[in-house]
Amino acid sequence: MKTPLTLCIVHQHPRVLLGYKKRGFGQGRWNGFGGKVHDGETIVNAAKREIKEEAGINVKNLDKVGLLEFEFVGDPQILEVHIFRAENFDGQVSESEEMKPQWFNVAEIPFAEMWPDDQYWFPLFLSKKKFIGKFIFKDVNVILEHTLKKVRKI
């Protein structure tokens, strides 16, 4: 069973906006902003809603740049993550109950405090390439195998 999720990262070169996850799945890691798609909601609208809830901003002109599947051994659920880039937004970046936003220079992205898969696809994201892939995790810290490829469109 596939569960659609969103992930949105604001990229204003040479900086990216990440959030420190304060609770729930991924707690204690830096990540983009996103989450579940509600019934009747489009993927794009879910991405916009999540970043508004988690970082207090309204993103404009979302560009879908990635589609990744995540499997965890022993869990039948496959996480289907739709990844978006936003360059512009309205509002003031602000902390929420779930996320603490912070700007990072692209040379100082804290990969050691992020999901282990990020080191593979984030360089493609930063170079404005589109990509698809799949990651199989033994647990939340160990990748057993992965595939990742650049594509022209998603």
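Relevant structure appears above.
Residue indices follow the written sequence of each chain, beginning from 1 at its first position. With pLDDT at 70 or above as the cut-off, local features in this predicted model cover only qualifying residues; side-chain atom pairs require 80 or more to be listed or tallied, and sums for whole chains, interfaces and linings still use all residues. To get the side-chain values, all heavy atoms of the structure are used, and hydrogens and water are removed first.

> Just give me the short version of the pairing of strand β6 (residues 78–86), but keep the residues and values in it.
Remark: exposure states derive from per-residue accessible area (1.4 Å probe, protein chains only) relative to the maximum for the residue type, with buried under 20%, exposed over 50%, and partly exposed in between. Comment: elements are numbered from the N terminus, with helices defined as DSSP H or I runs of at least four residues and strands as E runs of at least two. Counting buried positions along β6 yields nine of nine residues, so the element is predominantly enclosed. Neither face of β6 is left uncovered, since the one carrying I78, E80, H82, F84 and A86 and the one carrying L79, V81, I83 and R85 both have all their residues buried. Note on pairing: DSSP must find at least two bridges between two strands before they are called paired. Counting the residues between successive antiparallel strands, the hairpin from strand β5 (residues 63–72) to β6 contains five residues, one of them, G74, with a positive phi of roughly 90 degrees.

> If you had to explain helix α2 (residues 118–126) to someone new, which residues and values would you point to?
Among the residues of α2, those classed as buried are D118, W121, F122, L124 and F125. Buried residues of α2 fall within an arc of 160 degrees about the axis and therefore sit on the same side. Phi for K128, located one or two positions after α2, is positive at around 60 degrees. The directions considered for the arc are those from the helix axis to the C-beta atoms.

> Describe a nonpolar patch on the surface, and please don't skip the residues or the numbers.
On the surface, V73, V142 and L144 cluster together into a nonpolar patch covering about 250 Å² of accessible area. Within the secondary structure, L144 sits in strand β10 (residues 142–151). Patches in this entry comprise residues that are over 30% relatively accessible and not in a salt bridge; like charges within 9 Å are linked, as are nonpolar side chains (Val, Leu, Ile, Met, Phe, Trp, Tyr) within 5 Å. Computed with the Shrake-Rupley method and a 1.4 Å probe, the accessible areas treat only the protein chains shown as cover for residues. We define a salt bridge as a side-chain nitrogen of Lys or Arg found within 4 Å of a carboxyl oxygen belonging to Asp or Glu.

> Could you give me a rundown of the environment of F25, with the residues and numbers involved?
Tracing the backbone through its elements, the reader meets F25 in the loop between β2 (15–21) and β3 (30–31). Overall, F25 belongs to the exposed group, its relative accessible area being 52%. Remark: the alpha-carbon pair of F25 and V140, spanning 115 residues in sequence, is separated by 9.8 Å. With residues up to four places along the chain from it excluded, the contact list for F25 reads F72, L79 and W115. Note on definitions: a residue-residue contact is assigned when non-hydrogen atoms from the two residues lie within 4.5 Å.

> Describe the pattern of salt bridges, naming the residues involved and giving the relevant values.
For the coordinates displayed, the defined rule picks out 12 salt bridges. The closest approach of N and O atoms between E97 and R23, which form a salt bridge, is 3.2 Å. Taken as a pair, E97 in the loop between β7 (88–90) and β8 (99–105) and R23 in the loop between β2 and β3 lie far apart in primary sequence, 74 residues in all. Residue E87 is joined to K128 by a salt bridge in which the shortest nitrogen-to-oxygen separation is 2.9 Å. Taken together, the residues span a long stretch of sequence, with E87 in the loop between β6 and β7 and K128 in the loop between α2 and β9 (130–139) at a distance of 41 residues.

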